[in-house]
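# Chains, contacts and geometry: an overview
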2 protein chains.
Amino acid sequence: MEYSTSSLINSFQPKEKHTTLFNHQISARIRLATELDIPNLHKLVTQMAEYHGLSQIFTTTETSLYNNLFKSPNPPFHSPTALILEISPNPFPQTNHSTTTNFVPIIKNNYNFDNLEILDHELETYRSKFNGHGHDNSNNCNVYVAGHVLVYPSYNGFFEKPGLFLDQMFVRKCYRGMKFGKLLFSVVAMQAEKMGMGMVDWLVADWNEETINFYEKMGAHYIPEYRLCKLYGDQLQAFGRKSD
Amino acid sequence: MEYSTSSLINSFQPKEKHTTLFNHQISARIRLATELDIPNLHKLVTQMAEYHGLSQIFTTTETSLYNNLFKSPNPPFHSPTALILEISPNPFPQTNHSTTTNFVPIIKNNYNFDNLEILDHELETYRSKFNGHGHDNSNNCNVYVAGHVLVYPSYNGFFEKPGLFLDQMFVRKCYRGMKFGKLLFSVVAMQAEKMGMGMVDWLVADWNEETINFYEKMGAHYIPEYRLCKLYGDQLQAFGRKSD
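Residues numbered from 1 in each chain as written. Chains lettered and ligands numbered in written order. Predicted model: local features only at pLDDT ≥ 70, side-chain atom pairs only at ≥ 80, totals over all residues. Heavy atoms only, no water.

## Thoughts on the sheet that holds strand β2 (residues 81-88) of chain B
Residue and element names in this part refer to chain B. Reading across the sheet, the 8 strands line up as β3-β1-β2-β4-β5-β6-β8-β7 and stay open at both edges, with mixed pairing between neighbours. Single-partner strands in this sheet number two, and they are β3 (106-112) and β7 (221-223). The mean inter-strand angle of the sheet, taken between neighbouring strand axes irrespective of direction, is 25 degrees. In terms of strand pairing, strand β1 (residues 25-32) meets β2 through 6 bridges, oriented antiparallel. Opposite Arg29, over in β2, you have Glu86 as the bridge partner. With respect to the sheet, helix α4 (residues 180-194) is in contact with β1, β2, β3, β4 (144-154), β5 (163-171), β6 (199-203) and β8 (228-232), its orientation differing from that of β5 by roughly 160 degrees. (Pairing = 2+ DSSP bridges. Helix = DSSP H or I, 4+ residues; strand = E, 2+ residues; numbered from the N terminus. Axes fitted to C-alpha atoms, helices over the stretch in contact; angles between N-to-C directions. Contact = heavy atoms within 4.5 Å.)

Below, the structure written as structure tokens:
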């Protein structure tokens, strides 16, 4: 399913010439989405719906993404919130700890891979529009969007503390197998832990045994009768405190 | 399981003499929970956890309920929100439409039953503490708490509009089979519809075929691989507009 869906997506995208941009090293940054990310985020969400065979019920528009993510008076993580995964062949500059938001970008520079052959047919399409450093856009020449997560605050009446519900986690196909999914997940767990929350919840399809095993190895509690995964208590703390 | 769990609960409760309070008629009201409901709500949530065999992971306290339900600066349904189902042998007075909250109590007076034999061993325990009419407490002499729902705002990145996640819906055993569950559910759907939301989501255990059938008859879309029920689109509108 993965291959055919991906081919389908690619067949509708203008083919872009890929460059040998990544040479043994790739750097990653996870930051809060901004309004400038809406077009890329909409493409990511659309591709994810196609991957899950849910295009028929898909109704998200760029406007609805904007309304749902950026019109709430609540700070990030107290209403639906998107995080963007960016990658670059160059290391990301360390960001000053911001006092205006409750999330500091997570940067992992210079992952080493022996044979880093990334065929990104949509490289130009996904060029990052974000400029978070107050400089001109040239800083972003080599920064590309590779994935996202969507979360919102959740509550379960059986637990003392509220949590974060992980609605979506997506890494573009050509960037899979590089542990970016785990990185995204750990950032969400860290944030829940930092905010004094008690859990991260998400749903997993029952056919997805590989993923269930992956989550259980992470320490998540899988409730098969609901297909619900729940990371809480000591396991949330353990996962939230180490992101490597 | 239902019987044994219920017997277990009852065996730990002080036995109360039941009265022939309900005589062919029972009236119901669904209203926003207030701080005065915390002790009763905590008992309901505790009983629900026992019923689902989840007492071992249960950590909710009266204080945590208060913090999660009443400390948010957001209005009801924009943060975790509890609704209380009250029953009485007497009709409830119609409430003036309040302008201070976004929820008007739903009242269904004088349900008729030919043989209404309700053995409520916890009648006194669940006497309602709510006094919503500005009169003295004598108004509430014959008002009892029979169930609750917990909801919070949810978001799914594949849909244009946000929704309400139905975390808990519970009717005390002696008041089941009287369509109060459906009434509670319809009130949640009505509220989602009224707020311009696009869906109500909830989880259902895969062993609970009877319940799944019940939800599907209501028009809910059941996604078996996730055990997720989703009421949206025309079906949400249809369900939200009729509460009978």
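## Focus: the interface of chain B and chain A
Facing 39 residues of chain B, the contacting portion of chain A comprises 39 residues. Taking both partners together, chain B and chain A bury about 3,500 Å²; carbon and sulfur atoms supply 56% of that area. Ranking the residues of chain B by area buried against chain A places B:Tyr155, B:Phe158 and B:Tyr226 at the top, with a combined share of 25%. For the pair chain B and chain A, the interface holds 0 salt bridges. Linking chain B with chain A are 15 residue pairs in polar contact (both at pLDDT 80 or more), by the criterion used here. Every element with two or more residues in the side of chain B that touches chain A is listed here: α2 (38-51), α3 (62-70), β4, β5 and β8 of chain B. Residues of the side of chain B that touches chain A, tallied by class, amount to 24 nonpolar, 10 polar and 5 charged. (Buried area = accessible area lost by both parts, 1.4 Å probe. Salt bridge = Lys/Arg side-chain N within 4 Å of Asp/Glu carboxyl O. Polar contact = N/O pair within 3.5 Å; in protein donor to acceptor, adjacent residues only side chain to side chain. Nonpolar A, V, L, I, M, F, W, Y, C, P; charged D, E, K, R; others polar.)

## Structural notes on the side chain of B:Asp167
Looking at the element boundaries, B:Asp167 is found in strand β5. We classify B:Asp167 as buried; its relative accessible area is 17%. (Buried < 20%, exposed > 50% of the residue type's maximum accessible area, 1.4 Å probe, protein only.)

## Regarding helix α5 (residues 209-218) of chain A
All names here are of chain A. Listed in full, the buried residues belonging to α5 are Ile212, Tyr215 and Met218. Angular distribution of buried residues about the axis of α5 spans 120 degrees; they occupy a single face of the element. Those residues of α5 that are exposed and aimed more than 90 degrees away from the buried face are Glu209, Glu210 and Lys217. Residue Gly219 follows α5 closely and has a positive phi angle near 110 degrees. (Arc of directions from axis to C-beta.)

## Description of unusual backbone geometry
All names here are of chain A. Even without a glycine there, the phi angle at Asn110 is positive, about 60 degrees. Structurally, Asn110 can be placed in strand β3 (residues 106-112). Asn110 gets classed as partly exposed once you look at its relative accessible area, which sits at 31%. Positive phi, normally seen in glycine, also occurs at Lys179, with a value near 70 degrees. Relative to the assigned elements, Lys179 resides in the loop between β5 (163-171) and α4 (180-194).

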